[in-house]
Amino acid sequence: MDLAIHTEHLTKIYAQRVIAVNDMTLKVPVGSVYGLLGPNGAGKTTTLKLLLGLQQASAGEAKVFGRRCGPRATDVRAMIGYLPTHPVLPGHLCVVEYLDLLGKLCRLPSQLRKPRLTSLLRAVGLLGATHQRIATFSTGMRTRLGIAASLLADPPLLIWDEPTAGLDPSARRFTLDLIRELAKSRTVVVATHILSDIDQICDHVGVMQEGRMIFSGSMREMKQRLQRDDFCLELDGEVDAILQLQQQVAEVPGVAACSHEMHSIVVEISDRHSRAGVVAEVLKRVESSDLSLLALRSTQSDTEYAYLQLLQEDSEHGFRRFDLKATSDEHAAIGDSVL
Ligand SMILES: Nc1ncnc2c1ncn2[C@@H]1O[C@H](COP(=O)(O)OP(=O)(O)OP(=O)(O)O)[C@@H](O)[C@H]1O
């Protein structure tokens with residue numbers, strides 16, 4: 001398997017206190033769309049900064065397309081299109097001035113710059129705002145401009161940190177569609193908290209917690225390692241009929257528990273029974289009731305369920321990242337009385 005990104009024992013300790021990235025192995029296959037997941041403070045942004053050479057690793061190493069990352073690795077940076085969570089943009093410039101300046105910094109020849117700027121602005125839907133000052137941009141427009149900037153040098157690897165943060169549904173859809181399109185000819189790494197984004201665009205996923213990679217593999221592997229054991233029926237009809245159906249479903253062999261909320265029934269399947277068999281039996285009961293079935297769905301998305309399970313299992317192992325030294329402020333905050 002050819003790897004676009006490969007880290008081994010990658011570690012970052014900030015100010016000799018916070019272990020932001022802890023002995024991390026990350027393998028991102030060439031051509032994949034890799035989702036980097038993790039709760040706030042898990043170490044995602046730090047990992048991306050280490051790849052870009054914006055931070056120096058405390059230990060271990062990271063390689064991008066076989067080349068070692070680090071603050072002096074300009075060859076590595078040239079292969080990466082980076083979109084930070086909230087891009088800092090020069091408000092006094094207009095779009096075309098900004099992108100042209102970046103193009104010059106990337107040493108794009110002038111005969112290439114103009115057509116590339118035009119096609120990029122068209123791709124991100126900013127052609128109509130070419131001469132608008134960046135200071136007047138909305139969040140969605142700033143993200144689009146950040147995306148255009150990350151694509152300017154046509155890099156083979158895109159690293160986008162929370163690209164859909166703060167976007168409205170249509171801007172989010174636009175960004176996800178764009179990632180899908182770009183991924184046809186590039187490797188894409190997306191750090192996010194939004195699990196449905198991962199579901200829609202990623203084929204590989206890594207889950208970080210407390211600086212460590214607690215799962216890395218294909219989306220299929222992530223979902224397969226956790227067998228779902230519940231589903232939800234959304235129903236239309238009288239509440240009495242729903243309660244009656246709930247009682248009938250609770251008696252179906254293989255149903256471990258059955259609860260009802262408003263117009264839905266949640267069914268939990270016991271371990272030893274076939275999911276398909278239980279669902280079929282439950283649907284027969286619905287068919288013979290006075291209710292109509294509006295939807296049959298999992299109680300959470302499979303990815304969300306798998307993700308939350310991974311975090312929970314990891315927490316149960318008892319490891320916690322800790323500060324190596326408590327500061328005098330922390331001592332003061334705790335106070336002497338409790339020590
Ligand atoms: N420059 C820094 N100096 C000191 N500590 C830092 C610095 N940057 C990040 N940290 C700490 O490192 C840990 C990991 O932060 P990081 O921003 O990498 O996490 P994240 O997963 O990207 O979080 P989020 O999803 O909230 O953006 C956190 O405890 C954070 O407070």
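Since this is a predicted model, take the numbers as computed values, not measurements.

> Would you mind showing me how to read the packing of helix 3 (residues 95-105) against helix 4 (residues 110-123) here?
Two quantities define a packed helix pair, namely the angle between the axes and the distance from one axis to the other. Packing of helix 3 against helix 4 leaves a shortest axis separation of 10 Å and a crossing angle of 130°. Looking at the two axes, helix 3 sits oblique to helix 4. Every pair of crossing elements has a handedness; the one defined by helix 3 and helix 4 is right-handed. Across the interface between the two elements, Val-95, Val-96, Leu-99, Asp-100, Gly-103 and Lys-104 from helix 3 touch Arg-113, Leu-117 and Leu-121 from helix 4. Taken together, the residues of the contact of helix 3 with helix 4 sort by class into five nonpolar, one polar and three charged.

> Any chance you could explain helix 10 (residues 275-287) here in plain terms?
Count 3.6 residues to each turn of an α-helix, and residues three or four apart come out pointing the same way. For helix 10, which comprises 13 residues, the first-to-last C-alpha distance of 18 Å matches the rise-based estimate of 18 Å (1.5 Å per residue) to within 8%. All buried positions along helix 10 are accounted for by Val-278, Val-279, Val-282 and Val-286. Buried residues of helix 10 fall within an arc of 100° about the axis and therefore sit on the same side. Away from its buried face, by an angle of more than 90 degrees, helix 10 presents the exposed residues Ala-276, Lys-284 and Glu-287. In this fold, the buried residues of helix 10 make contact with strand 11 (230-236), helix 9 (239-250), strand 12 (255-261), strand 13 (264-269) and strand 14 (292-297).

> Explain the nonpolar core to me, please; I cannot follow it from the model alone.
Note that soluble globular proteins tend to have their nonpolar side chains buried in a common cluster. Counting 45 residues, the largest nonpolar core has Leu-37, Tyr-98, Leu-99, Leu-145, Trp-160, Val-207 and Met-222 as its most contacted members. Discounting residues that sit within four places of it in the chain, Leu-99 has contacts with Leu-117, Leu-121, Leu-145, Ala-148, Ala-149 and Leu-152. Counting 27 residues, the second-largest nonpolar core is a separate cluster that includes Met-24, Met-79, Ala-191 and Met-213.

> Please explain the domain arrangement of the protein as it appears in this structure.
By a widespread convention, an interface's size corresponds to the accessible area lost as its parts come together. With domains assigned, the protein is organised as domain 1 (3-224) and domain 2 (230-297). Taking only C-alpha atoms, the centre of domain 1 and the centre of domain 2 are 44 Å apart.

> Explain the state of the cysteines to me, please; I cannot follow it from the model alone.
Any covalent bond linking the sulfur atoms of two cysteines counts as a disulfide. According to the stated counting rule, one finds zero disulfides in the structure shown. Counting only cysteine sulfurs, Cys-106 is the nearest neighbor of Cys-94, a cysteine outside any disulfide, at a range of 18 Å. Since its relative accessible area comes to 9%, Cys-94 is described here as buried. The closest cysteine sulfur to the non-disulfide-bonded Cys-258 is located on Cys-232, 10 Å from its own sulfur. Judged by relative accessible area, which is 15%, Cys-258 ranks as buried.

Cut-offs applied
- Residues numbered from 1 in each chain as written.
- Predicted model: local features only at pLDDT ≥ 70, side-chain atom pairs only at ≥ 80, totals over all residues.
- Heavy atoms only, no water.
- Axes fitted to C-alpha atoms, helices over the stretch in contact; angles between N-to-C directions.
- Helix = DSSP H or I, 4+ residues; strand = E, 2+ residues; numbered from the N terminus.
- Parallel < 35°, antiparallel > 145°, perpendicular 65-115°, else oblique.
- Left-handed = near helix turned anticlockwise from the far one by under 90°.
- Contact = heavy atoms within 4.5 Å.
- Nonpolar A, V, L, I, M, F, W, Y, C, P; charged D, E, K, R; others polar.
- Expected span 1.5 Å × (residues − 1).
- Buried < 20%, exposed > 50% of the residue type's maximum accessible area, 1.4 Å probe, protein only.
- Arc of directions from axis to C-beta.
- Core = buried A, V, L, I, M, F, W, Y, C linked by side-chain atoms within 4.5 Å.
- Domains from an automatic or database assignment.
- Disulfide = S-S within 2.5 Å.

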